[in-house]
Amino acid sequence: MKRTMKIEQDMDENGHRKGKGHNFDLNAYAYCEDDIVAWKWMCGEMGVEDSKADEKMNNMVNGGAIDAENVDDQQEIDLMTMKFDTIEDAECFYNIYGRATGFSIRRGYAKKDPEDSTTVRYRSWVCSREGERDEKHILRNDRKREAKAVTRVNCGACLKIRLDDNEGKYIVSCFAKEHNHQLGNHASIPFMRSHRKVADSDYAQAHTFRRAGIRTSQIMKLFVLQVGGYQNVPFLIKDLYNKMNCEKLREIADGDAERAIGRLAAKKETDNNYYYEYCCDSQGRLTRLLWADSWSRMDFKCYGDVLVFDSTYRTQSYKMPLVVLCGVNNHYSTAIFACALIADENEESYDWVLKSLLSAWAGRSQFQLSLTVTRQ
């Protein structure tokens, strides 16, 4: 059964609404303590120390304090007079509303101030089923795999806000409540895109397990056992992988090169025959790096008559070609002699690799070189 919200708004002669309006205050709309927990949970303000945050959030949505009936009771509230201090506050409010009602949201258009590119003057959020699939993707005849299910049905539900210059806050300019599709039930809501979130407490636990050597797939199984099923976990295994990788990249963002050099230096302290050499540009950025351990240098002394120079083309996230210097041992197996990372594939870089190679294997300057450049 569809329900619509009737908004009666007094306007002045310029078409602007009258009245003072009211700010969005969570306490004003909270039906119980769990509503406040929900707001903090969605805003990311719930600390790691509150281990019951996710449990309270799930209880709130799955038949708890905030449900479809409570949301429908908000018909008496004039949403068109709501004000938000930031865009994030408005997004959190609409996401909580969508979670309680049974739909997922996504960001719509955003218009910035032409004089100040850092200020967003207009922002909208729509139902995740807004829009429709392009006809050219539906009528394809060269399709090799079965097409994905159609999820866009031109749903018109949305929330739009604009910046009020007088008060410096965002006010609601449009709110469309009606959907043209069936809303999700309590069991399916946690799996909708905008409602899947790896909480700080879950990540802290997963990070501890990961440092102990437990794989991410096994960590996900532990979460499932803790809450009694996949339907009770507020995220998918893909979300956990993304969260772990995102936090890892954030940790090494400002010191990844220094950490790599430090790791090689630590290996040098425990292995006297370990060899590494690197080069930086004028800005202090790592541009070239070559390393070889004691086993690699020993293999080269025995089987280094023929050297294969293999370059893979920018296969990792840093977009630096990996150069593998290898050969064949007496068992006809591949023997890795050294590895190198270079920023640019030019003559100067490869000349540096060969000179570093000779420095690592001092005393042996004659070998047959075979170049294999693989581009992907």
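Residues numbered from 1 in each chain as written. Predicted model: local features only at pLDDT ≥ 70, side-chain atom pairs only at ≥ 80, totals over all residues. Heavy atoms only, no water.

Visitor: Teacher, can you tell me more about the overall build of the chain here?
Guide: Along the chain, the regular secondary structure elements total 12 helices and 12 strands. Buried positions account for 36% of the 376 residues belonging to the chain. Summarising the internal contacts of the chain: among those between residues at least 6 apart in sequence, 58% fall at separations of at least 24. Looking at the chain as shown, the accessible area adds up to about 23200 Å², and 47% of this sits on carbon and sulfur atoms. (Helix = DSSP H or I, 4+ residues; strand = E, 2+ residues; numbered from the N terminus. Buried < 20%, exposed > 50% of the residue type's maximum accessible area, 1.4 Å probe, protein only. Contact = heavy atoms within 4.5 Å. Areas by Shrake-Rupley, 256 points an atom, 1.4 Å probe, with all protein chains shown as cover.)

Visitor: Before we go on, may I ask you to explain the packing of aromatic side chains in this structure?
Guide: Applying the stated rule across the entire model yields 8 aromatic pairs. Relative to Phe 103, the ring of Tyr 94 has its centre 5.8 Å away and its plane inclined at 65 degrees; by these criteria the two rings are edge-to-face. The same class applies to Tyr 94 and to Phe 103, which are both buried. Between the aromatic rings of Tyr 97 and Phe 175, the centroid separation amounts to 5.7 Å while the plane-to-plane angle is 70 degrees, which identifies the pairing as edge-to-face. A residue pair is termed long-range when its members are at least 10 positions apart, and Tyr 97 in helix α5 (residues 87-101) and Phe 175 in strand β6 (residues 169-176) qualify at 78 residues. Of the two residues examined, Tyr 97 and Phe 175, each falls in the buried class. Three or more aromatic residues link up through ring pairs in this structure, and these residues are Tyr 94, Tyr 97, Phe 103 and Phe 175. Taking the ring centre of Tyr 109 as reference, the NZ or CZ of Lys 111 above it sits at 5.9 Å. (Phe/Tyr/Trp six-rings, centres within 6.5 Å; stacked < 30°, edge-to-face > 60°. Lys NZ or Arg CZ within 6 Å of the ring centre and 35° of its normal.)

Visitor: When you look at the pattern of salt bridges in this model, what are you seeing that I'm missing?
Guide: Opposite charge on two side chains permits pairing when their charged atoms draw close. Counted according to the given criterion, the structure contains 11 salt bridges. Between Asp 142 and Arg 140 there is a salt bridge, and its shortest N-O distance comes to 3.2 Å. According to the relative accessible area criterion, Asp 142 is exposed, its value standing at 52%. Judged by its relative accessible area of 41%, Arg 140 falls in the partly exposed class. We note a salt bridge from Lys 355 to Asp 351, for which the minimum N-O separation is 3.3 Å. With Lys 355 and Asp 351 both in helix α12 (residues 347-360) and 4 residues apart, this pair spans about one turn of that helix. Three or more residues joined by partner-sharing salt bridges are found here, namely Asp 113, Arg 121 and Asp 165. (Salt bridge = Lys/Arg side-chain N within 4 Å of Asp/Glu carboxyl O.)

Visitor: Just to check I follow, could you spell out α12 for this structure?
Guide: Note that an α-helix has 3.6 residues per turn; residues three or four places apart therefore point the same way. Helix length check: α12 (14 residues) gives 20 Å between terminal C-alpha atoms against 20 Å at 1.5 Å per residue, within 8%. Ser 349, Tyr 350, Trp 352, Val 353, Ser 356, Leu 357 and Ala 360 are the residues of α12 that are buried. For α12, the angular spread of buried residues about the axis comes to 155 degrees, placing them on one side. When the buried face of α12 is taken as reference, the exposed residues oriented beyond 90 degrees from it are Glu 347, Glu 348 and Lys 355. (Expected span 1.5 Å × (residues − 1). Arc of directions from axis to C-beta.)

Visitor: Can you walk me through the nonpolar core in this structure?
Guide: Soluble globular proteins: nonpolar side chains tend toward being buried together. Ranked by size, the top nonpolar core spans 22 residues in total, and within it Phe 84, Tyr 94, Trp 125, Ile 161, Tyr 170, Val 172 and Phe 175 carry the most contacts. Going through the elements one at a time, β2 (82-84), α5, β4 (120-127), β5 (158-164) and β6 are the ones with two or more residues in this core. No other element matches the 5 residues that α5 contributes to this core. If we skip the residues at most four places from it in the chain, Tyr 94 touches Phe 103, Ile 105, Trp 125, Ala 157, Cys 158, Leu 159, Phe 175 and Ala 176. Of all hydrophobic cores here, the second largest spans 19 residues; its members include Ala 292, Phe 300, Ala 335 and Trp 361. (Core = buried A, V, L, I, M, F, W, Y, C linked by side-chain atoms within 4.5 Å.)

Visitor: Explain a positive patch on the surface to me, please; I cannot follow it from the model alone.
Guide: On the surface, Arg 145, Lys 148, Arg 193 and Lys 238 cluster together to form a positively charged patch. Along the chain, Lys 148 turns up in the loop between α6 (135-138) and β5. (Patch = residues over 30% accessible without salt bridge, like charges linked within 9 Å, V, L, I, M, F, W, Y side chains within 5 Å. Lys, Arg positive; Asp, Glu negative; His and termini not counted. Charge placed at Lys NZ, Arg CZ, Asp CG, Glu CD.)

Visitor: Help me out: how do you make sense of the side chain of His 195 in this one?
Guide: Mapped onto the elements, His 195 comes out in the loop between β6 and α7 (200-211). Here His 195 falls in the buried class, since its relative accessible area comes to 0%. A distance of 2.8 Å separates the side chain of His 195 from the backbone oxygen of Phe 103, its partner in a polar contact. (Polar contact = N/O pair within 3.5 Å; in protein donor to acceptor, adjacent residues only side chain to side chain.)

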